[in-house]
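# Close look at the chain arrangement
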Amino acid sequence: MGNSYIKFALGNTITTEQKYFFNKNGFIHFKNFIEPETVKDIINASLKVQKQWLEEQREKVNGIPIKYGKDLDGSPIVQRFAFVNQHHRLFAELAKDPRFEVLLDLIGPGARLGTEEKDGMVLNHYVNGHESKFTQMGWHTDGLRDIFHGQKLNPMLNVGIHLSKLTPEQGGLRVLPGTHTQSLYQMLFRKKYFLDNKADANEMAITPQAGDLTIHDGRLWHRVAQSSVIGEESRRRVIYLPIIAGKYEPKHENSPTAFYQRFAGLVK
């Protein structure tokens with residue numbers, strides 16, 4: 001597929017062409033989901049949540065560890081916010097956008113937005129500085145979690161709302177198109193989970209503008225590539241929200257921390 005792919009516009013329904021592209025490749029990219037002004041408001045809201053969590057020295061949200069890091073000036077920042085939709089009105093409102101109902105059609109009946117399940121609405125903030133630790137993530141599939149929990153593999157899609165423009169040099173999401181239809185064996189053993197960061201000849205770089213929305217199937221092999229630029233230019237923020245089916249399993253403040261989440265560096 002090279003490094004270019006079709007970027008669609010999201011309307012009132014998922015079109016036949018969009019469904020075909022998604023079913024074949026395991027991902028899809030919609031342009032201009034939110035306005036630049038909304039992107040700014042969301043970033044400002046995240047800074048308010050960050051200030052509050054730093055003051056509280058909060059360690060977890062609903063059992064999910066918060067990932068802290070250092071900004072370019074050495075000051076502490078939150079690099080991974082879980083359930084951010086429960087901590088600021090703007091994120092809660094974003095999750096109620098009626099266009100998400102249209103996206104549920106990619107799974108079909110029984111699909112829902114996982115605002116209260118898994119890790120809820122997650123906001124990742126990457127910046128590549130001299131003290132940065134959260135700069136990349138090795139190859140993985142999101143379906144492994146269900147297997148960890150001894151559950152059958154339910155459909156799960158990962159919706160990304162991109163708050164930064166990305167060029168391939170700035171790192172970001174890389175996917176292996178079509179791997180969502182692989183066998184369970186391939187899903188478990190095709191690559192070394194999280195340890196393998198190497199580029200793959202068949203990978204595709206997702207290159208959004210700020211405000212774009214992408215979706216990838218949870219069974220698709222993907223990684224987060226490190227930015228080859230350092231400093232302010234490397235800063236990128238993205239929101240992830242799952243679309244799930246199967247048993248409803250909300251998290252709450254007393255939810256236990258899953259075994260694999262004790263290795264907090266391994267989850268996106």
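Just above, that's the structure.
Residues numbered from 1 in each chain as written. Predicted model: local features only at pLDDT ≥ 70, side-chain atom pairs only at ≥ 80, totals over all residues. Heavy atoms only, no water.

### Comments concerning the packing of aromatic side chains
Which entries qualify depends on this criterion: Two aromatic rings, drawn from Phe, Tyr or Trp (for Trp, its six-membered ring), form a pair once their centres lie within 6.5 Å of each other, and the interplanar angle then sorts them: stacked below 30 degrees, edge-to-face above 60, tilted otherwise. Think of it this way: any DSSP run of H or I at least four residues long counts as a helix, any run of E at least two long counts as a strand, and we number them from the N terminus. The classification of residues rests on relative accessible area computed with a 1.4 Å probe and restricted to protein chains. Under 20% of the type maximum is buried, over 50% is exposed, and intermediate values are partly exposed.
Per the stated rule, a full pass over the model turns up 6 aromatic pairs. Ring geometry for Phe8 and Phe21: centres 5.5 Å apart, planes at 75°, overall edge-to-face. With Phe8 in the segment before α1 (16-25) and Phe21 in helix α1, the pair connects residues that are 13 residues apart, well separated along the chain. The buried category is assigned to Phe21, whose relative accessible area is 8%. On the basis of an interplanar angle of 50° and a centroid distance of 5.5 Å, the ring pair of Phe33 and Phe100 is categorised as tilted.

### Focus: the pattern of salt bridges
Any two side chains of opposite charge can pair, on the condition that their charged atoms come close. This is how the line gets drawn: Criterion for a salt bridge: a side-chain nitrogen of Lys or Arg within 4 Å of a carboxyl oxygen of Asp or Glu.
Throughout the structure, instances matching the rule amount to 16 salt bridges. Put simply, Arg58 and Glu56 hold a salt bridge, and the shortest N to O gap is 3.2 Å. Ionic contacts of the salt-bridge type, sharing partners, join the residues Glu56, Arg58 and Glu253 into one network.

### Focus: helix α2 (residues 36-56)
An α-helix turns once per 3.6 residues; consequently, residues spaced three or four apart project the same way. Convention followed: Helix span is expected to be 1.5 Å times the residue number reduced by one. Directions pointing from the helix axis toward each C-beta atom define the arc. We call two residues in contact whenever any of their non-hydrogen atoms come within 4.5 Å of each other.
When the terminal C-alpha atoms of α2 are compared, their 31 Å separation across 21 residues agrees well with the 30 Å that a helix rising 1.5 Å per residue should span. Among the residues making up α2, those that are buried are Val39, Ile42, Ile43, Ala45, Ser46, Val49, Gln50 and Trp53. Buried residues of α2, seen end-on, are gathered within an arc of 160° and therefore sit on one face of the element. What points out from α2, more than 90 degrees from its buried face, is the exposed set Lys40, Lys48, Lys51 and Glu55. On its buried face, α2 sits against β2 (60-61), β4 (67-70), β5 (76-81), α3 (89-94), β7 (122-126) and β14 (236-244). Gln57 lies just past α2 and shows a positive phi near 55°.

### Topic: the pairing of strand β12 (residues 213-217)
So the rule is basically this: Think of it this way: DSSP has to see at least two bridges between two strands before they count as a pair.
The buried count for β12 comes to 5 of 5 residues, which makes it a mostly enclosed element. Of the two faces of β12, both are covered, the one formed by Leu213, Ile215 and Asp217 as well as the one formed by Thr214 and His216. Note that strand β1 (residues 27-30) and β12 share 4 bridges and pair antiparallel. Each residue of the ladder has a partner; that of Phe30, found in β12, is Leu213. Pairing of strand β9 (residues 156-162) with β12 involves 5 bridges; the strand directions are antiparallel.

### So, unusual backbone geometry
Even without being glycine, Asn32 reaches a positive phi, approximately 50°. Among the structural elements, Asn32 can be located in the loop between β1 and α2. Taking relative accessible area as the criterion, Asn32 reaches 57% and is therefore assigned exposed. A positive phi is found at Gln57, a non-glycine position, where the angle reads about 55°. Its location among the elements puts Gln57 in the loop between α2 and β2. Residue class for Gln57 comes out exposed when judged on its relative accessible area of 66%.

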